[in-house]
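Residues per chain are reported as follows:
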Amino acid sequence: MDERTGFDVNSRSTRWSAILFGVVGVQTFIIQPGFVQGLIEQLRFSERQAGLVASAEVAGIALTALALAFLSPRLDWRSTIRVGAVLAAVADLASATVTGFAPFAATRFVAGVGLGALVSLSWAAVGLTKSPEREFALYVAGALTYGAIGLLVLPWALRAVGVPGMMVTLAALTLVSTTAARFMPRSAESRVSLNPDAVDIGGPMKAVALGGVFLFNFALGASWAYLFVIGVGAGLPEQSVANALAFSQIAAVAGSVVPFVLSRRAGRLAPLAIGLMASAGCVAALMGSISVATFAISVGAFNFLWNVVLPYLFASMASFDLTGRMVVYAVAVQTLGLGIGPAAGAAVITPGGFDGVLLLSAGSIGASLLATVVALLHHRNRWQGSAARLPA
């Protein structure tokens, strides 16, 4: 417990509130495939327009995440979360009243600006806990569970209440979540104690580490958006491709369990190095002529590894400084990577297929591996040096 504030960031209420805000912050993004389909079928948007609407919300989240990377030390986190949630809810309600492409995209951008506060500060709060691997893993598992349930009921919900009803529901969920804001820390000063291995690794090495986060998420964005068409383009039956992607969601939940169970027992370097190398291999395995079995195994393993890597990656960011700001920076570059990746992938698609997309993704994961390993080794040297200087 922080002796000055009497606040314990490791309390159950704080940890679960942070996970709640993290899930609410990406509640539209997680069910994006169904949401986009609803825009096409009910609002008569084109595929391109629906994609731009989805991108507008991600852009809003990224903008706020970037701003909070610099402003969070000067803001009250609880108040910022409340303001962000109210802004997002108002934008959701506005989305329920408009139908044209431009005004709808504008309301989704504003919603993203509000939700960005929830995403950034919830992840920052998780980074302050004494076991960030476990808490990030719980967040990932919660988000995946919400996504699985949401995508399952979304077709029925859209038929029953339409896109406007969906927007009103999201607004209500966001407003209800504000009741948990009182359990959130007011700032990064609310940690019980520094993570046992927290040490400031210096500006240049922080940039390298953040580059690793960006590259990993850039690779995810570049490949994940096109996996369905990659499978169909390889001549596989559509239903087999759909089944493989559905299976991969189950694998993703299983992947999120690994960091929760292992926590720090395997360290961070080994899980990240193995996970990133294997992820690049899964993507590369989809190049050229592939079978249904190859596609299913590669996509399933890719989603499994993705959700093993993510908690360890953000837990590492939390240990790279003493203020919690590295996690906020990491959320910002993560969002940028996920947003830029699909556009970069589209730029390298050729009439001959998607091997350019897969090569771009695998290469970016390899570069992320290099940056992450360098940052972790530097952190280890810094931490060992600081530990050696502590009094006996």
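Residues numbered from 1 in each chain as written. Predicted model: local features only at pLDDT ≥ 70, side-chain atom pairs only at ≥ 80, totals over all residues. Heavy atoms only, no water.

Participant: So what about the overall build of the protein? Which residues, and what values?
Facilitator: Counting its secondary structure elements, the protein contains 14 helices and zero strands. N-terminal to C-terminal, the α/β element order of the protein is α-α-α-α-α-α-α-α-α-α-α-α-α-α. Here the protein has a C-alpha radius of gyration of 21 Å; the compact-globule value for 392 residues is 21 Å, and the two agree. When the backbone C-alpha atoms are referred to their principal axes, the protein occupies close to 65 × 45 × 30 Å. For the protein, with 392 residues in total, the buried portion stands at 53%. Restricting to contacts in the protein with at least 6 residues of sequence separation, those with at least 24 account for 86%. With 23 positive and 16 negative side-chain charges, the protein shows a separation of 5 Å between the mean positions of the two kinds. (Helix = DSSP H or I, 4+ residues; strand = E, 2+ residues; numbered from the N terminus. Rg over C-alpha atoms; globule rule 2.2 N^0.38 Å. Buried < 20%, exposed > 50% of the residue type's maximum accessible area, 1.4 Å probe, protein only. Contact = heavy atoms within 4.5 Å. Lys, Arg positive; Asp, Glu negative; His and termini not counted. Charge placed at Lys NZ, Arg CZ, Asp CG, Glu CD.)

Participant: Explain the environment of Gly 356 to me, using residue names and the numbers behind them.
Facilitator: Locating Gly 356 in the fold gives a position in helix H14 (residues 355–389). For the pair formed by Gly 356 and His 379, sequence separation is 23 residues and the distance between their alpha carbons is 34 Å.

Participant: Explain unusual backbone geometry to me, using residue names and the numbers behind them.
Facilitator: The general pattern is negative phi for most residues beyond glycine and trans for most peptide bonds. You will see that Arg 44, though not glycine, has its phi angle at about 60 degrees, which is positive. Along the polypeptide, Arg 44 turns up in the loop between helix H3 (32–42) and helix H4 (47–71). Judged by relative accessible area, Arg 44 falls into the exposed class, the value being 68%.

Participant: Explain the confidence of the model for the protein to me, using residue names and the numbers behind them.
Facilitator: Averaged over every residue, the pLDDT of the protein is 85; the share at 70 or more is 93%. Mean pLDDT per element in the protein: H3 is the minimum at 79, and helix H5 (residues 77–95) is the maximum at 96. Every residue in residues 1–5 is under pLDDT 50, and counting partners more than four places away or in other chains gives nine contacts. Low confidence marks residues 388–392, where pLDDT is under 50. Its contacts with residues over four positions away, or in another chain, come to zero contacts. (pLDDT = per-residue confidence, 0-100.)

Participant: Tell me about the side chain of Ser 223, residues and numbers included.
Facilitator: Within the element layout of this structure, Ser 223 appears in helix H8 (residues 203–224). Note on Ser 223: relative accessible area 1%, which makes it buried. Side-chain polar atoms of Ser 223 contact the side chain of Ser 361, separated by 3.3 Å. If sequence neighbours within four positions are ignored, Ser 223 has contacts with Phe 302, Val 357 and Ser 361. (Polar contact = N/O pair within 3.5 Å; in protein donor to acceptor, adjacent residues only side chain to side chain.)

Participant: Lay out the pattern of salt bridges with the relevant residues and their values.
Facilitator: Scanning the entire structure with this criterion turns up five salt bridges. Residue Glu 135 is joined to Arg 15 by a salt bridge in which the shortest nitrogen-to-oxygen separation is 3.4 Å. In this pair, Glu 135 is assigned in helix H7 (residues 132–177) and Arg 15 in helix H1 (residues 12–25), connecting sequence segments 120 residues apart. Each of Glu 57, Asp 92 and Arg 108 takes part in one network of salt bridges that share partners. (Salt bridge = Lys/Arg side-chain N within 4 Å of Asp/Glu carboxyl O.)

Participant: Help me get a handle on the nonpolar core, residues and values and all.
Facilitator: Core analysis: the largest hydrophobic core is formed by 90 residues, its most contacted members being Trp 123, Tyr 139, Phe 216, Phe 295, Phe 314, Met 317 and Phe 320. At 15 residues, helix H12 (residues 292–318) tops the list of elements feeding residues into this core. Beyond its immediate sequence surroundings of up to four residues, Phe 216 is in contact with Leu 276, Trp 306, Val 309, Leu 310, Leu 313 and Ser 368. Among the nonpolar cores identified, the runner-up in size contains 19 residues, and Phe 35, Ala 105, Leu 154 and Leu 170 belong to it. (Core = buried A, V, L, I, M, F, W, Y, C linked by side-chain atoms within 4.5 Å.)

Participant: Talk me through the environment of Leu 227; I want residue IDs and the actual numbers.
Facilitator: Relative to the elements of secondary structure, Leu 227 occurs in helix H9 (residues 227–233). For the pair Leu 227 and Val 283, spaced 56 residues apart in sequence, the C-alpha to C-alpha distance is 9.8 Å. With near-sequence residues (within four places) excluded, Leu 227 lies in contact with Leu 245, Leu 286, Phe 295 and Val 299.

Participant: Account for the packing of aromatic side chains, with residues named and values stated.
Facilitator: If you walk through the whole model with that rule in mind, you get ten aromatic pairs. Aromatic pair Trp 123 and Phe 136: ring centres 5.2 Å apart, planes at 45 degrees, arrangement tilted. Of this pair, Trp 123 sits in helix H6 (residues 101–127) while Phe 136 is found in helix H7, placing the two residues 13 residues apart along the sequence. As far as the burial class goes, Trp 123 and Phe 136 line up, both buried. Measuring from ring centre to ring centre gives 4.4 Å for Trp 123 and Phe 314, while their planes differ by 70 degrees; the resulting arrangement is edge-to-face. Of this pair, Trp 123 sits in helix H6 while Phe 314 sits in helix H12, and the two are 191 residues apart along the sequence. A relative accessible area of 0% places Phe 314 in the buried class. In textbook terms, an aromatic cluster arises when at least three aromatic residues are bridged by ring pairs, as seen for Phe 35, Phe 45, Phe 101 and Phe 104. (Phe/Tyr/Trp six-rings, centres within 6.5 Å; stacked < 30°, edge-to-face > 60°.)

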